[in-house]
Amino acid sequence: MKRVRCPKCDHYIPFDETKYTTGQKLIFQCPDCGKEFGIRLGVSKLRNAQKDENPDENANEKGFGSIVVIENVFHYKQVIPLQLGDNVIGRYMKGSGINCPIETVDPSIDMNHCVINVSYDKNKKLKYVLRDGPSYTGTFVDNEILGDRERRVIEDGTLFTIGATSVILRSADSKEA
Ligand SMILES: [Zn+2]
């Protein structure tokens, strides 16, 4: 499965590229805004799309860690680097201004769903603290919903769930990167 972005509203539209051949022109109608647009399935375009879907997971090895986002329905995977301070995680919307936008078709992810705060603890090690947005559908760690004021320390490999999407923390010193 691949997806194209609506040029008008940025909505993602999934499609099965294996049904088409290179060079074929595809017409899409955006289910969100109704915009019709076409793409030509080209070799270089396909290669770019694949690159987008499989970002280099080692790219952020020496940074402040990253989150691996797995959209369960379509099995898309995105790796989003984290920064020191608050990392606001939510659904990508043009102009929303959050620093960890997820490109997703999952409607149960809020635009401001949850936050990972990255800081140094007193041993100069990076510390990751997760809190809910607050969001409508909640943020779950180990199938347990975070309380409104809860601050949960998470570690490398911690899996949490927002909407129908799973997110895994990769800390900066992660062996798996
Ligand atoms: Zn649209």
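Conventions and cut-offs
Residues numbered from 1 in each chain as written. Predicted model: local features only at pLDDT ≥ 70, side-chain atom pairs only at ≥ 80, totals over all residues. Heavy atoms only, no water. Helix = DSSP H or I, 4+ residues; strand = E, 2+ residues; numbered from the N terminus. Buried < 20%, exposed > 50% of the residue type's maximum accessible area, 1.4 Å probe, protein only. Polar contact = N/O pair within 3.5 Å; in protein donor to acceptor, adjacent residues only side chain to side chain. Contact = heavy atoms within 4.5 Å. Salt bridge = Lys/Arg side-chain N within 4 Å of Asp/Glu carboxyl O. Donors = N, O, S within 2.8 Å, 3.2 Å for Na, K, Ca; no water. Tetrahedral: all angles 85-135°; square planar, octahedral: opposite > 155°, others 65-115°.

Visitor: Hey, could you run me through the side chain of Asn-87 in this one?
Guide: Positionally, Asn-87 belongs in strand β7 (residues 85–91). The class for Asn-87 is buried, based on a relative accessible area of 0%. At 3.1 Å, the side chain of Asn-87 forms a polar contact with the backbone oxygen of Gly-85. Residues contacting Asn-87, with those up to four places away along its chain left out, are Leu-82, Asn-99, Cys-100, Cys-114, Val-115, Ile-116 and Val-118.

Visitor: Could you clarify how one ought to interpret the pattern of salt bridges in this entry?
Guide: One side chain can pair with another of opposite charge once the charged atoms of both are near each other. For the structure on display, the rule yields five salt bridges. In this structure, Glu-150 and Arg-152 form a salt bridge, with 3.1 Å as the shortest nitrogen-oxygen distance. Under the relative-accessibility criterion, Glu-150 is labelled partly exposed at 27%. Where salt bridges share partners, they join Glu-144, Glu-150 and Arg-152 into one cluster.

Visitor: I'm lost on the coordination of the zinc ion in this one. Help?
Guide: Only Cys-6 (SG), Cys-9 (SG), Cys-30 (SG) and Cys-33 (SG) from the protein reach the zinc ion as donors, at distances of 2.3 Å. Metal-centred angles of 105 to 114° between the four donor atoms at the zinc ion mark the site as tetrahedral. Between consecutive donors of the zinc ion, the numbers of intervening residues give the motif C-x2-C-x20-C-x2-C. Taken as a pair, Cys-9 in the loop between β1 (2–5) and β2 (12–15) and Cys-30 in the loop between β3 (25–29) and β4 (36–40) lie far apart in primary sequence, 21 residues in all. Residue classification places Cys-30 among the buried positions, given a relative accessible area of 3%.

Interpretation in functional terms is not warranted from these geometric data alone.
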